[in-house]
Structure formats: C-alpha cells, structure tokens
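Structural overview
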Amino acid sequence: MIEIEELAPDISEEEMAVTLPKRSLDESKTELVQRIIDKVRSKGDSALRGFAAQFDGADLKGIPLAIQAEEFREARGMAGKDFVQAINLAKERIWRYHEKQIQESWFDKSEAGVLLGQKVSPIGRVGIYVPGGTAAYPSSVLMNALPAQVAGVNEIAMCVPCDENGRVNPYTLTAAAEIGVKEVYRVGGAGAIAALAYGTESIKRVDKITGPGNIYVTLAKKLVFGVVDIDMLAGPSEIVIIADEGSNAKYIAADMLGQAEHDQDAMAVLITTSRKLAEDVLAELELQLESLARGDVAKEALKRWARIFLVKRLDEALRMANLIAPEHLEIMTAKPEALLADVRNAGAVFLGEYTPEALGDYAAGSNHILPTMGTAAFSSPLGVHDFVKRTSVLSFDQKEFKRLAPAVEILAEAEGLSAHSKSISVRMMDVE
C-alpha cells in the first residue's frame, strides 16, 4: 500500500523537497463558484433555496432558512445527556485556553504632551461556517464561536448544510445551543459564504467569515475576501508524525488513519529513524483498516497521500517536517520535548504518545482550525486575535506638534505630497 522511502544521509533541503507530497489549492472550480456567488448576490434567498435543492437535494420551499427554537429543543433531546456533558467539558477547556490570548488596549504617555496607543476592539459581526455533508462537525461550532465570544463579538451567525429534509445534524445544533449561538441558518457550500458576505433577505451580512469547508467553500472565501475578512484558506487535513525505534506502531497507525478518514485528499506522513517501526506501522495500517467505518475513504487517502520516510537522524526528520509545515505534527520519540525548540512550521504540535491529534480536535482546549497546505510556515491557528481589530490612537499637544513638524514637512515634500506638507505649515503659522 505504501512504500518506505529511505533518504540519503545529510540530504539537502532542495533534494528533500523533491521527495515531499505537493499540496496546493485546486482552483479549477473558481468559475463555477463565482457564478454561485453572483447569483446569491442578485437573487438572495431564492438562490440559496435553489442551490440547496441542486447540491443537497433539499426542498426548502416554505421552510425558513433560520433554525427555529423548537428545532434546537428537539436536537438536544436527540443528542442526549452524555453528548451535552461532553460538549460542556470541551467548552470549558476551550474557553480557558483562549482566554489567555486576550489582547489588551494600551496607551503610552512616556513623552510630555504626547499620547500614543492602540485600541483593541471586537469585530462587530462574524459569520462562522460549520461543514456538513459526509460527516457532522459539532466540534467546529465550538472552535469557531468560542474564540469569538472570548474576544467580545456580539453577533455570531452560523451557516451549516442541511439534509434532504431540511434538517441540520442534531449534534451540531446542540453544540450551537449549548454555547449560546442562536442565529443558525440551514445553508451550506459556496452559497452560504456569499450570503454571509453580501447578505440576503434572511441573512444579514457579516464583517468576517471563519471556518473550514470543502473546495467550494474555500474558493468562495477566497473570492469574497476584501468584501469581508476571512480566517484562512483551509485545505484537506494533514498529519506528520516523527517517531523513533521506541515508538508505538499501533498508536501511530491509528493517528494516521484518524486523518485519512476525513476525506480522500487527507495526508498522513510518518518520518522515522527505525525501519522496523516503519514496517510495523504498515502492518498495523492494514489491520486497523479492516474495522474502520470509513475504511474506503481512509484507504483511498492513504493510497493518494500517505508516505513513510526513513531517515538516519531525528534532526533530519525535523528538517523534513519544517519543510512540509503540516497542520498537525505529532512527535512520538523518547524525549519529544527536546525536539520542540527546533519545530519552526506546524499548525499544532502534539508531544508524546498519549497526546494524539484527536485530543486537539475535541477537548484539549487548543483550536483545531489550523493552517494547511504548508501555510503553517507563515500563519497561525484560529484564535481570539482573529476576532479583534486594532486601532491606532494618537494625541499631540502644541509643543510636541511643533517639535515634529519640520521633519514631517521634509518627508511630505520628498514624497511630492504638498497638501500633506500644507496641513503642517498651516498650523505652524498659528503656533509661531
């Protein structure tokens, strides 16, 4: 199923890069997505209902796009007490984690007559997208909405696909209700992103859209960026695992399959210093696939994107991981903490064999909406910082204005902006 690829000792980063799986955003559907966006802009709710019928087989005639109060109550009964308890445990941990990310306004009066500062304010209205379709993701409700709530966002609108009967998954609705997200719409795909960006008769436009989705959702987010802000362009799930001879093959295989079951484009990579471990992981993958509910999906993902690399040293494994810049990086070595300092590029790092990626997906507290496709080299997980904006604040008295004025006039004239210079000189005449 997967071949073990042995890398030469002291391989250069250029040579190493050639061996790595190449991930990029598939833009072939951009034209279709643009047509969907344009139709939602012009036709509003009727376009959303038409797309629900076309893509989800759902007849929403006579059904409000907004989820009603009785639907939340019914969903909670269907979800059950155990699920509600689990959601609230996760909620508490996610809230505590994200509270530590709160940014404070600051104002500096270190110079007489001068105040400089930064005012931190929550974004006014946010739209969160929660995937549906092949699987339900109530955990994504928490990961999107809780950081926004911690940041102080007052209005959160949520879009999620419905089934052919217009119903939304009860676990997803219950998660929303438990954290106080009451504005939920049974709208999915690129149409939902267009509705959030431009507004319709039922859906008020937002200032920012967050949350992962399929390629249509991702392309729609890219196309509406600038009309609204977005969090990131999320691609298929990824995991890279670094392991040595003492690592547990059963755990590694389980974690690789945990990513592979997402969809056929999910990527799972093992980098190890032990050929025996690599061979044991291959055997475990075959064994565990037999009992996996989404085994067909996982098998196809492994066929397309799974790789096992054999390296001589752990520092080479880290170099390779940094080149991949994965969404999830698990380090299952004898001393995982010792390697953390050399991790440069990863959305989230999981240290030790009892810290599987699934903990981060649900209840550890950190956010599971992470950069993918190598973008962890320059971007970060979703967090409180994504739901605030920073405003510069300045105040000068007459004396301090006069002190800086000559330099400002010189710089403005150098740039050929005479009106800028005039705005200084007209005041200088009064000061002098």
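Residues numbered from 1 in each chain as written. Predicted model: local features only at pLDDT ≥ 70, side-chain atom pairs only at ≥ 80, totals over all residues. Heavy atoms only, no water.

Turning to the side chain of Ser139, a few remarks are in order. By the secondary structure assignment, Ser139 is in helix α6 (residues 138-151). By relative accessible area, Ser139 is classed as buried at 9%. (Helix = DSSP H or I, 4+ residues; strand = E, 2+ residues; numbered from the N terminus. Buried < 20%, exposed > 50% of the residue type's maximum accessible area, 1.4 Å probe, protein only.)

This part takes up the packing of aromatic side chains. Enumeration according to the criterion identifies 3 aromatic pairs in this entry. Centroid distance Phe51 to Phe55: 5.8 Å. Interplanar angle 20°. Geometry classified as stacked. With Phe51 and Phe55 both in helix α3 (residues 45-56) and 4 residues apart, this pair spans about one turn of that helix. Judged by relative accessible area, Phe51 falls into the buried class, the value being 12%. (Phe/Tyr/Trp six-rings, centres within 6.5 Å; stacked < 30°, edge-to-face > 60°.)

Within the secondary structure layout, Trp305 lies in helix α12 (residues 295-305). Look at Trp305 and you get buried, because its relative accessible area is 19%. Beyond its immediate chain neighbours, meaning those up to four positions away, Trp305 contacts Pro21, Lys22, Arg23, Gln264, Asp265, Ala266, Met267, Ala268 and Val269. A distance of 3.4 Å separates a polar atom in the side chain of Trp305 from a polar atom in the side chain of Asp265. (Contact = heavy atoms within 4.5 Å. Polar contact = N/O pair within 3.5 Å; in protein donor to acceptor, adjacent residues only side chain to side chain.)

Attention now goes to unusual backbone geometry. Even without glycine at this site, Ala325 takes up a positive phi of about 50°. The buried category is assigned to Ala325, whose relative accessible area is 2%. Residues other than glycine seldom take positive phi values, yet Met373 does so here, at roughly 55°. For Met373, the location among the structural elements is in the loop between α14 (357-362) and β14 (388-396).

What follows concerns a nonpolar patch on the surface. Taken together, the side chains of Trp106, Leu116, Leu394, Phe396, Leu404 and Val408 present a nonpolar region at the surface, about 530 Å² in accessible area. Looking at the nonpolar patch, the elements with two or more residues in it are β14 and α15 (398-414). (Patch = residues over 30% accessible without salt bridge, like charges linked within 9 Å, V, L, I, M, F, W, Y side chains within 5 Å. Areas by Shrake-Rupley, 256 points an atom, 1.4 Å probe, with all protein chains shown as cover. Salt bridge = Lys/Arg side-chain N within 4 Å of Asp/Glu carboxyl O.)

For strand β4 (residues 125-129), the tally of buried residues reaches 5 of 5 residues, placing the bulk of the element in the interior. Burial along β4 is two-sided: Arg125, Gly127 and Tyr129 facing one way and Val126 and Ile128 facing the other are all buried. Two strands pair when backbone bridges link them, and β4 and strand β5 (residues 155-159) are joined in this way by 5 bridges, in the parallel orientation. Following the sheet pairing, Ile128 is matched in β5 by Met158. (Pairing = 2+ DSSP bridges.)

For helix α7 (residues 170-178), the buried fraction is high: 7 of the 9 residues fall into the buried class. Buried residues of α7: Pro170, Thr172, Leu173, Thr174, Ala175, Ala176 and Glu178, and no others. Residues of α7 that are buried sit in contact with α4 (69-79), α5 (81-99), α6, β5 and β6 (183-185). For α7, the N-terminal capping position is held by Asn169, with its side-chain oxygen 2.9 Å away from the main-chain nitrogen of Tyr171.

Judged by pairing direction, the sheet is antiparallel, and its 3 strands sit side by side in the order β2-β3-β14 without closing on themselves. The open sheet terminates on both sides in strands that have one partner only, identified here as β2 (106-108) and β14. Taking the axes of each pair of neighbouring strands and ignoring which way they run, one obtains an average angle of 10° across the sheet. (Axes fitted to C-alpha atoms, helices over the stretch in contact; angles between N-to-C directions.)

Scope: geometric values only; no functional claims are made or implied.
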